[in-house]
Amino acid sequence: MLAGMGDTAPRGRRRLLRALRGLGYSLTLRRAGWWECLLVRAAERWQGQGSTRREAVDDAVRALLPSHAAREAFDHLAAGVQQCRVERAVAAAALALPTAHETPQADQGAATDGAVAPSAPTAGGAAAHQPAARSSVLVDRELIPAARPPAPLAADRLPIAEGIAQLDELRAKIEATIAEAGLLAPDRQRLLVVAWMARARDVEARARGGAVAERAFGIVRRLEEATRVWWPGAIRALGIDRLPSECARDIPGVIASDLSSWGRVADAAEAALEALEFATVDDLDRDGWADAAQLEPPPPEPEGLLVAVAAQIEDLPAPVPASFTLGVDANDRDAQLAACLPQMRWLARRLRWLRGATAQLETWATAMGRLRYLSAQLRPRDPELERLLDARHAPEAPWSRVIGFDPRKAEIKASKKRLLSGAPRPSSTREELVTWLRESFALGSDLPDERIAERLTEQEVGERVLELPAEVFSKLSHRRRLDAVQGFLRGVSSLPAGETSAAEEPAPDRRVDSLAPYLAALLPRTRGKRVLVVSNRNDPELDEKLRELFCFAEVDHCEVKNSNVASRAQSIERGTYDLVLAATGFLSHTAEGVLRDAARRSGVLHVRVNRGRPLSVARALARELGLTPIPAPSRAAG
């Protein structure tokens, strides 16, 4: 069979690839002016190249089976696999069950085999444009025919209209949740994508129709876009020709026989994700990261720092596999990538520190995904960079100390810059002059008396400072600083040799709060409102924090696992609440649907807020109310 592996033997090739698939091998093809084939099974990697897809496949098979004896032995194995497939097809026909030959034309779309290999992530979430090669990942539909799961029982059928409604609701939940899902650890991102994808395919299988299939296809494409941004690792379930039972590798703790339908795949993925969220694991937070304690203190200006870090990550050279780079020696390529490693480690530390401190969730997820992608392309892999990107890694000290960042020094530097740029002018009042001096003195030795005197002279207000009596300051240290400044203005220092002015108390914390721009726009709409928080766990401290931040009149709580859901739904319909916040995380909950429908019937605003964290609530409310966050004032503006 293998002796005729040229373009003239498509039947032999298909039989061979089916046998390889039966042994657990997956096949991926990549195009970059020519074709490259990759056969993967566990730690095995077999590559082949050719001017056509079939030549690339043949080359990879020759690498896998290099000797005549190996090919002859495999011929017998492949024949046995084919015979088993024939016997199963005959048995299925006898039971009047659909087989792969009955697959409708609409179901024979772009099939993929093996794990989905998303393209390099970019800031927009699209595949990276690489000058050296434009890559696309696919599987030859002629080589590996698609299969479809058994048709659902009549009792499981859905009317097309209901199927469309369910998919539209699922799409709305995905769009409301996907930004915060970018903060999840990669293992939880994979489970979430599998759950959403399987739920869409379950509806498609039970409510067959063109509009249903179109919506389900759109959801799967949306999830593929997310994986290209997050780069969480291979997700076999995204292959369009996958059977439900083949998703077992994506869900821990299940076996193939447990997954007889897409609905069961969705249930299993949601159960696994919920088990991770509610597991009592002291070293992991609810997003699956181990460094929650090391995030404090947070960056003083997280938004600006994230923009700078993301820009540097985007400017990193996108590595291209050596086989795609014509005329470039592999050693030169590795040396070029290795030169970027110090910068990549530097950026990874800062990106870890920024997690949860910024409102730009999509920017953070895109930057982290691109770093994961770049790390995966390095040959050889860098253990230090992989450790920095590993969600289970937590440094012994806070990230701020690991980075060498001193919050107080950064605050002092910013305050010094603000004061010197906003020094008094001849038109300033005496009160403004005294206030400026008081704030300058509070910086202690970080803003020396001589520098203060120089700035006052430059602004032509030195004579006015000389007229100020010491009594304008209540603190003795400030009076001493005034005397020193006046001495410099007269050309002499008032302080004895070797003596420095006493430093004042540390500068106040002026960290730009990521919530501030949202609160400024939201408070007129949230103040005095009666709110019901729906969640999968009770958290009185969070409820009280939400009440204080958004100035709610009262906050009631409904835990969806309790039996009071029906009574809460009646309360919503009676107008007891002005707002319902659904903080049920990333899982699907029937009870939430009951409360959501009650809110819709009564005209009460129902908003999904993921886990109910203040920033999530602020973002969701701003989105639902059509409000634009008011930009926070610049610190340099004073």
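J.: Please clarify how the overall build of the protein should be interpreted in this entry.
T.: Along the protein, the regular secondary structure elements total 23 helices and eight strands. By the burial criterion, 47% of the 638 residues in the protein qualify as buried. Taking contacts inside the protein between residues at least 6 apart in sequence as the whole, the part at least 24 apart equals 73%. Accessible surface, the protein as shown: approximately 30,600 Å² in total, 52% of it carbon and sulfur.

J.: Teacher, can you tell me more about the sheet that holds strand β8 (residues 605-608) here?
T.: Sheet strands pair via backbone hydrogen bonds, and the direction of the pair is either parallel or antiparallel. Strand order in the open sheet made by the four strands is β6-β5-β7-β8, with parallel pairing throughout. This sheet does not close on itself; its edge strands, each paired only once, are β6 (554-559) and β8. Along the sheet, successive strands turn relative to each other by an average axial angle of 20°, direction set aside. In the sheet, strand β5 (residues 530-535) pairs with strand β7 (residues 579-583) via five bridges, with the strands oriented parallel. Looking across to β7, one finds that V534 is bridged to A582. Contacting β5, β6 and β7, helix α21 (residues 565-573) crosses the sheet at an angle of about 145° to β6.

J.: Mind showing me how you'd approach helix α6 (residues 210-230) here?
T.: Three- or four-residue spacings in an α-helix give side chains the same orientation, since the helix completes a turn every 3.6 residues. If you check α6, its first and last C-alpha atoms are 30 Å apart, about what 21 residues at 1.5 Å a residue would give, namely 30 Å. Elements that come into contact with the buried residues of α6 comprise α4 (160-181), α5 (186-206) and α11 (361-377). W231 sits one or two positions beyond α6 and adopts a positive phi of about 50°.

J.: Help me understand the side chain of R355, please; the structure alone is not making it clear to me.
T.: Relative to the elements of secondary structure, R355 occurs in the loop between α10 (341-354) and α11. Given the relative accessible area of 5%, R355 is considered buried. At 2.8 Å, the side chain of R355 and the side chain of D291 are in polar contact. Beyond its immediate stretch of four places on either side in the chain, R355 contacts L183, D285, D287, W289, D291, A292, L295 and W364.

J.: Can you help me understand the pairing of β7 in this one?
T.: Judged by how many residues are buried, β7 sits mostly within the fold: five of five residues are covered. Residue alternation in β7 divides its side chains into two sets, L579, L581 and A583 and V580 and A582, and both sets are buried. Two elements, β7 and β8, share four bridges in a ladder whose sense is parallel. Note on β8: the bridge partner recorded for V580 is H606.

J.: How should the environment of Y518 be read in this particular structure?
T.: For Y518, the position within the fold is in helix α19 (residues 516-526). The sequence separation of Y518 and L627 amounts to 109 residues, and the corresponding C-alpha distance is 8.6 Å. If sequence neighbours within four positions are ignored, Y518 has contacts with A359, L615, A618, R619, A622 and P629.

J.: Where do I start with the environment of R188 in this structure?
T.: Looking at where R188 falls in the secondary structure, it is placed in helix α5. R188 sits in the buried class, given a relative accessible area of 3%. With 86 residues separating them along the chain, R188 and E274 place their C-alpha atoms 9.7 Å apart. Residues in contact with R188, not counting those within four places in the same chain, are L273, L276, E277, L284, D285, R286, D287 and G288.

J.: Explain unusual backbone geometry to me, please; I cannot follow it from the model alone.
T.: Residue E296 is joined to P297 through a cis peptide bond whose omega torsion reads -5°. Following the sequence through the fold, P297 ends up in the loop between α7 (262-278) and α8 (302-315). Positioned with a positive phi, W231 is a non-glycine residue whose angle comes to about 50°. Tracing the backbone through its elements, the reader meets W231 in the loop between α6 and α7.

J.: What is the right way to read the packing of α10 against α11 from this model?
T.: Two quantities define a packed helix pair, namely the angle between the helix axes and the distance between the axes. Viewed as axis vectors pointing N to C, α10 and α11 meet at an angle of 145°, and their least axial separation amounts to 11 Å. In this structure, the crossing between α10 and α11 has a hand that is left-handed. Contacts between α10 and α11 involve M344, L347, A348, L351, R352 and L354 from the former and W364, A367, M368, L371, L374 and S375 from the latter. Classifying every residue of the contact of α10 with α11 by side-chain character gives 10 nonpolar, one polar and one charged.

J.: Can you help me understand α11 in this one?
T.: With 17 residues, α11 extends 25 Å between its outermost C-alpha atoms, agreeing within 8% with the 24 Å of an ideal straight helix rising 1.5 Å per residue. Of all the 17 residues making up α11, 15 are buried; the element is thus mostly covered by neighbouring parts of the structure.

J.: How should the packing of aromatic side chains be read in this particular structure?
T.: Working definition: an aromatic ring pair is given by the centre-to-centre distance plus the angle between the planes. With the rule as written, the count across this model stands at four aromatic pairs. Ring plane angle 75° and centroid distance 6.0 Å describe the contact between W289 and W364, whose orientation is recorded as edge-to-face. Separated by 75 residues along the polypeptide, W289 in the loop between α7 and α8 and W364 in helix α11 bring together distant segments of the chain. Residue W289 shares its accessibility class with W364, and that shared class is buried. When the centroid spacing of 5.6 Å and the interplanar angle of 15° are considered together, the rings of F550 and F552 count as stacked. For the pair F550 and F552, one class covers both residues: buried. The lysine or arginine in question, R201, covers the ring of W262, its NZ or CZ lying 5.2 Å from the ring centre.

J.: What should I look at first to understand the pairing of β6 in this one?
T.: Each regular strand shows side chains that alternate between the opposite faces of the sheet. The pairing of β5 with β6 spans six bridges and is parallel. In the sheet register, V531 faces β6, and the bridge partner there is V555. Remark: the β5/helix α20 (residues 540-550)/β6 crossover connection has right-handed handedness.

J.: Sorry, what's going on with the confidence of the model for the protein here?
T.: When pLDDT drops low, the exact placement of atoms in the prediction is not to be read closely. Scored by pLDDT, the protein comes out at a mean of 77, with 75% of its residues at no less than 70. Low confidence marks residues 1-8, where pLDDT is under 50. Its contacts with residues over four positions away, or in another chain, come to 19 contacts.

J.: Looking at this structure, I do not really get the environment of L443. What am I missing?
T.: By secondary structure assignment, the location of L443 is in the loop between α15 (430-441) and α16 (449-458). When its relative accessible area of 6% is taken as the criterion, L443 is described as buried. Taking the C-alpha atoms as reference, L443 lies 7.7 Å from K416; in sequence the two are 27 residues apart.

J.: How do you make sense of the pattern of salt bridges when you look at a structure like this?
T.: Pairing between side chains of opposite charge can happen when their charged atoms approach one another. Tallied over the full model, the rule gives 33 salt bridges. D202 is paired through a salt bridge with R206; the nearest N and O atoms lie 3.2 Å apart. With D202 and R206 both in helix α5 and four residues apart, this pair spans about one turn of that helix. Residue classification places R206 among the buried positions, given a relative accessible area of 19%. Several salt bridges share partner residues, and in doing so they unite E169, R596, D597, R600 and R608 into one network.

Rules used in this analysis
- Residues numbered from 1 in each chain as written.
- Predicted model: local features only at pLDDT ≥ 70, side-chain atom pairs only at ≥ 80, totals over all residues.
- Heavy atoms only, no water.
- Helix = DSSP H or I, 4+ residues; strand = E, 2+ residues; numbered from the N terminus.
- Buried < 20%, exposed > 50% of the residue type's maximum accessible area, 1.4 Å probe, protein only.
- Contact = heavy atoms within 4.5 Å.
- Areas by Shrake-Rupley, 256 points an atom, 1.4 Å probe, with all protein chains shown as cover.
- Pairing = 2+ DSSP bridges.
- Axes fitted to C-alpha atoms, helices over the stretch in contact; angles between N-to-C directions.
- Expected span 1.5 Å × (residues − 1).
- Polar contact = N/O pair within 3.5 Å; in protein donor to acceptor, adjacent residues only side chain to side chain.
- Left-handed = near helix turned anticlockwise from the far one by under 90°.
- Nonpolar A, V, L, I, M, F, W, Y, C, P; charged D, E, K, R; others polar.
- Phe/Tyr/Trp six-rings, centres within 6.5 Å; stacked < 30°, edge-to-face > 60°.
- Lys NZ or Arg CZ within 6 Å of the ring centre and 35° of its normal.
- Right-handed = clockwise from strand over helix to strand, strands pointing away.
- pLDDT = per-residue confidence, 0-100.
- Salt bridge = Lys/Arg side-chain N within 4 Å of Asp/Glu carboxyl O.

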